[in-house]
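Coordinate inspection notes
What follows is the residue order along each chain.
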Amino acid sequence: MNCSEEKLKAIGIGAIIILASTMVPYLLLLNVFFLAGILIGGAVASYYYIVTCQERLSMSEAFVFSSLSGMVGSALSVIAEYVLITEFNYRPGATEFMTLSEQMKGLSPEQDMRINQLQEMLQAPVEMTFTGLLLSLVITAIIYAPVAGLGGVFTVWRLKRQATKNG
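A short tour of the structure in this document, coming up. (Residues numbered from 1 in each chain as written. Predicted model: local features only at pLDDT ≥ 70, side-chain atom pairs only at ≥ 80, totals over all residues. Heavy atoms only, no water.)

1. Concerning the side chain of S74
- Along the chain, S74 turns up in helix α3 (residues 59-88).
- Judged by relative accessible area, S74 falls into the buried class, the value being 2%.
- With residues up to four places along the chain from it excluded, the contact list for S74 reads I18, T140, A141 and Y144. (Helix = DSSP H or I, 4+ residues; strand = E, 2+ residues; numbered from the N terminus. Buried < 20%, exposed > 50% of the residue type's maximum accessible area, 1.4 Å probe, protein only. Contact = heavy atoms within 4.5 Å.)

Structure follows, in structure tokens:
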């Protein structure tokens, strides 16, 4: 078994999970909860690599490894969003947040005004320039990488705890 190939495959699997959790309708709502889809992507990447290669990773190594998955996932996500916005005039997540905001209406009169503002923003036309693409790449990498890294740390913590229980 070639562990360097498995390492790349693990990073790819984590990145695809991150891409799905940021692009697939309703699945992207996972990320409302502390970016759970990104955290899961990082956790799965580390888990796959550790189990497949029977490699021990320290928590810091798992953090760095899963952060790579987060960086690749963020790049895929931003590029996919760029294509969807520029070619198909589709903004991922807008429909889901419109549905959620409709359900939140009527909770309080002061919140209704904020919800209406949110809905106006979601319905406004969107244009993404190349500069916006580059800025999005940087911002999402800064956010996704450490969150995915925390997923890797969680995986190592969970596997060590499980190994301790099994003796």
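2. Some points on helix α6 (residues 130-166)
- Between its first and last C-alpha atoms α6 spans 53 Å; for 37 residues at 1.5 Å apiece the expected length is 54 Å, and the two agree.
- Its axis deflected by about 25° at A141, α6 carries its strongest bend there.
- Among all positions of α6, only L133, T140, Y144, A145, V147, A148, G149, G151, G152, T155 and V156 are buried.
- Turning to α6, the residues buried within the fold contact α1 (3-23), α2 (36-53) and α3. (Expected span 1.5 Å × (residues − 1). Bend = angle between axes of the 7 residues up to and from the residue.)

3. Description of the packing of aromatic side chains
- Under the criterion given, the structure shown has two aromatic pairs.
- Seen in terms of ring centroids, F154 and W157 are 5.7 Å apart; in terms of plane orientation they differ by 35°. Their pairing is tilted. Of this pair, F154 and W157 both sit in helix α6, three residues apart, which is roughly one turn of the helix. (Phe/Tyr/Trp six-rings, centres within 6.5 Å; stacked < 30°, edge-to-face > 60°.)

4. Side note on unusual backbone geometry
- Residue L35 is not a glycine yet carries a positive backbone phi of 50°.
- If you check the backbone angles, Q54 has positive phi at about 50° while not being a glycine.
- Considering the arrangement of structural elements, one finds Q54 in the loop between α2 and α3.
- Given a relative accessible area of 66%, Q54 falls into the exposed group.

5. Examining helix α4 (residues 94-104)
- Of all the residues in α4, the buried ones are A94, E96, M98 and S101.
- Just beyond α4, the residue with positive phi is G106, at close to 90°.

6. Re the side chain of T155
- Relative to the elements of secondary structure, T155 occurs in helix α6.
- Residue T155 is classed as buried on the basis of its relative accessible area of 6%.
- Non-local contacts of T155, meaning those with residues more than four positions away in its chain, are made with A43, S46, Y47 and I50.

7. Quick notes on the nonpolar core
- If you look at the biggest cluster of nonpolar residues, it comprises 10 residues: A10, I11, A45, Y49, I50, C53, L57, A62, F65 and V156.
- For this core, the secondary structure elements donating two or more residues are α1, α2 and α3.
- Per-element accounting of this core gives the leading share, four residues, to α2.
- When neighbours within four sequence positions are excluded, I11 is seen to be in contact with F65, L68, S69 and V72.
- In terms of nonpolar packing, the next biggest core, distinct from the first, is built from five residues, I18, I38, Y144 and V147 among them. (Core = buried A, V, L, I, M, F, W, Y, C linked by side-chain atoms within 4.5 Å.)

8. As for the packing of α3 against α6
- Remark: α3 packs on α6, axes separated minimally by 6 Å, with the N-to-C direction vectors making an angle of 145°. Two packed elements cross with a definite hand, and for α3 against α6 that hand is right-handed.
- Looking at the contact of α3 with α6, its residues break down into 18 nonpolar, 10 polar and no charged. (Axes fitted to C-alpha atoms, helices over the stretch in contact; angles between N-to-C directions. Left-handed = near helix turned anticlockwise from the far one by under 90°. Nonpolar A, V, L, I, M, F, W, Y, C, P; charged D, E, K, R; others polar.)

9. Describing the packing of α1 against α2
- At a minimum axis separation of 8 Å, α1 and α2 run at an interaxial angle of 160°. In this view, α1 runs roughly antiparallel relative to α2, as classed from their interaxial angle. Here α1 and α2 pass one another in a crossing that is right-handed. Two secondary-structure elements touch here, α1 through C3, E6, K7, K9, A10, I13, G14, I17, I18 and S21 and α2 through G37, I38, I40, G41, V44, A45, Y48, Y49, T52 and C53. (Parallel < 35°, antiparallel > 145°, perpendicular 65-115°, else oblique.)

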